[in-house]
Amino acid sequence: MLKVRGVETGYGRLKILRGVDLDVPEGSAVALLGGNGTGKSTLLKAISGLLRVWSGEIEFDGKPIHNRKPNEIVKAGLVQVTQGKDSYPGLTVEENLKLGAHSRNDRDKIKADLEQIYEFFPILRERRKQMAGLLSGGQIQMLVIGRGMMAAPKMIMLDEPSAALAPLVVLDIFRQINKIRAELGTTILVVEQNVRMALLLAEYGYVIHDGRIHIEGKASDMIHDENVRNAYLGGTVVETANA
Amino acid sequence: MLVDFLVVGVSIGLVYAIVALGISLIYSGLDIVHFAHGEFVMFGAFFGLVLVNDSGLNYPISIFLAMIFAGLMGVVVERVFYRRLTSKGGGYTVAGMGMIICGFGMAIILQNIAFLIWGAEGHAINVDFGTPMKIGTVNLPKSYLWILCVSVGLMAILHLFLKNTKAGLAIRAVAANKDIAYLMGINVPLMISLIFGLACGLAAVGGVLIGPINYVQVEMGYLILIKGFAAAVVGGFGSLPGAILGGLMVGIFETLGAGYISGSHKDIYAFLLLIAVLVIMPTGLFGQLAKSKA
Ligand SMILES: Nc1ncnc2c1ncn2[C@@H]1O[C@H](COP(=O)(O)OP(=O)(O)OP(=O)(O)O)[C@@H](O)[C@H]1O
Ligand SMILES: [Mg+2]
């Protein structure tokens, strides 16, 4: 479904990604792991069109999407949920969710989908008239995931849904992500520093280090791999471990 | 006397409010302070002048057409000139000094274009409003009633548009965070055009509304800009309710000052108010809203 080939990009003249290859097959969940500042969010921004791709190619659903405008990429069915828990704090919960459906015109279906999101996250229904800025961290994470799902995407990219949340809340959120996946069949690319959670959700994983993919493999193998933990902790990655 | 002054003050204040609304819309949507905004008031007034005096169209239709023309003009100006500056560095971030100079330059260019077309002479928009109304002992020209109805109506429509329509919600999203708006599938550049066109259309309505009571003249924009600017700052820059309240305050303050203290210093009162408010509340009355935006 998503094919990333030799992607290089960065900020200003500073190159961050030095040729990234990554595949997300249709219907699968893939984890992208790596330490702080290794370029995970940068890769997502390049895929979603917020960042210009300097070289390389990105293909989604059989069509090239690199350097298309972000709104066109959303329209194509690929949605990014950013890391910063970027809700619109000055808009209500429901307005936030409605914004997620901006690219759609099927009004009745949007209404039904809104109901469905409220089923997944009942707390959002309870607080739908409140300003999003009043929600707790976990609730905001639910809101931005729900908002992403309101686009009815074929694939969703989640940037560190566990960041800065208590373990129990993280567990709850991953449970809901799993449920969304099971019920809607959405393809998922999840960026995480919570290696365990991500690898339990995903079938396949990539470890990015210094702007390149260093390790990749089946999630069930990776979860026991020393090098993955090292890479995640920022330790030295053994070069021969390259799969 | 007082009733008279208050009606005039509120009316002129509503015109300032309309101008300030545009300035604040542009500021919150594009992160720029638009120094050529007064020239859109001026062009709007001239459009009204041509439509009413020369083409003989009725007043409301002229207001509407002037709004559309100035709105389209604004879209072109923003697309062709401003966007080169505002989109530098990948976003519509504060374009800083360059944008300020560009705005002043645009003001001068627009003034000169207007001068070439219409000359330096001042004209009034000739509308037959009928007999003045009587409020107690005061005779008030109906032009003030028009200002009141049109501007309040327009504000109500703007409010409903921003609150209840998909495009309105998208505009608020773009104003709050452009990257996230993009990720919602919103066509951000298109919304920017819409915001700018809307603001310039509002400015034009302000121009046509004061056309019958003030002279329409090539240099009228500068003073209106400063008043609108004062109104926006008093209310809290970037806040729409603040712009309305600020406009009313400036209008009333100025009219009372001119009436009771000295009419020849009419234009100073807006700034006295501006300074007073800023000393007491540096971010303006609704400053919080404007601040949380950054
Ligand atoms: N807007 C920016 N301008 C300049 N440099 C940036 C910008 N955003 C990120 N960087 C730099 O790019 C590098 C990669 O950042 P990125 O956000 O992709 O890391 P990450 O893997 O997502 O890290 P984290 O797990 O902390 O979110 C970092 O060194 C960071 O300092
Ligand atoms: Mg990141």
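Up top you'll find the structure we're talking about.
Bear in mind the structure is a predicted one, so any value in this text is a computation, not a measurement.

**With respect to the overall build of chain A**
Here's step 1: A count of helices and strands for chain A gives 10 helices and 10 strands.
Here's step 2: In terms of principal-axis extent, the alpha carbons of chain A reach across some 55 × 40 × 30 Å.
Here's step 3: Here chain A holds 243 residues, and 49% of them are scored as buried.

**What about the interface of chain A and chain B?**
Here's step 1: Taken together, the contacts link 19 residues of chain A with 16 residues of chain B.
Here's step 2: At the level of elements, α2 (70–75) and α3 (93–100) of chain A are the ones that each hand at least two residues to the side of chain A that touches chain B.
Here's step 3: Of the residues contributing to the side of chain A that touches chain B, the split by class is seven nonpolar, eight polar and four charged.

**Some remarks on the site of ligand 1**
Residues and elements named next belong to chain A.
Here's step 1: Taken together, Tyr11, Ile16, Gly34, Asn36, Gly37, Thr38, Gly39, Lys40, Ser41, Thr42, Gln83 and Gln193 are the residues near ligand 1.
Here's step 2: Take the shell around ligand 1: its biggest share by element is three residues, from helix α1 (residues 40–48).
Here's step 3: Per-class residue counts for the shell around ligand 1 are two nonpolar, nine polar and one charged.

**Examining unusual backbone geometry**
Here's step 1: Although it is not a glycine, Asn67 of chain A adopts a positive phi angle of roughly 60°.
Here's step 2: In this structure, Asp31 of chain B is a non-glycine residue whose phi angle is positive, near 60°.
Here's step 3: The exposure class of Asp31 of chain B is buried, given the 20 C-beta atoms found within 10 Å.

Calculation notes
- Residues numbered from 1 in each chain as written.
- Chains lettered and ligands numbered in written order.
- Predicted model: local features only at pLDDT ≥ 70, side-chain atom pairs only at ≥ 80, totals over all residues.
- Helix = DSSP H or I, 4+ residues; strand = E, 2+ residues; numbered from the N terminus.
- Buried ≥ 20, exposed ≤ 12 C-beta atoms within 10 Å, placed from the backbone.
- Contact = placed C-beta atoms within 7 Å.
- Nonpolar A, V, L, I, M, F, W, Y, C, P; charged D, E, K, R; others polar.
- Near = placed C-beta within 6 Å.

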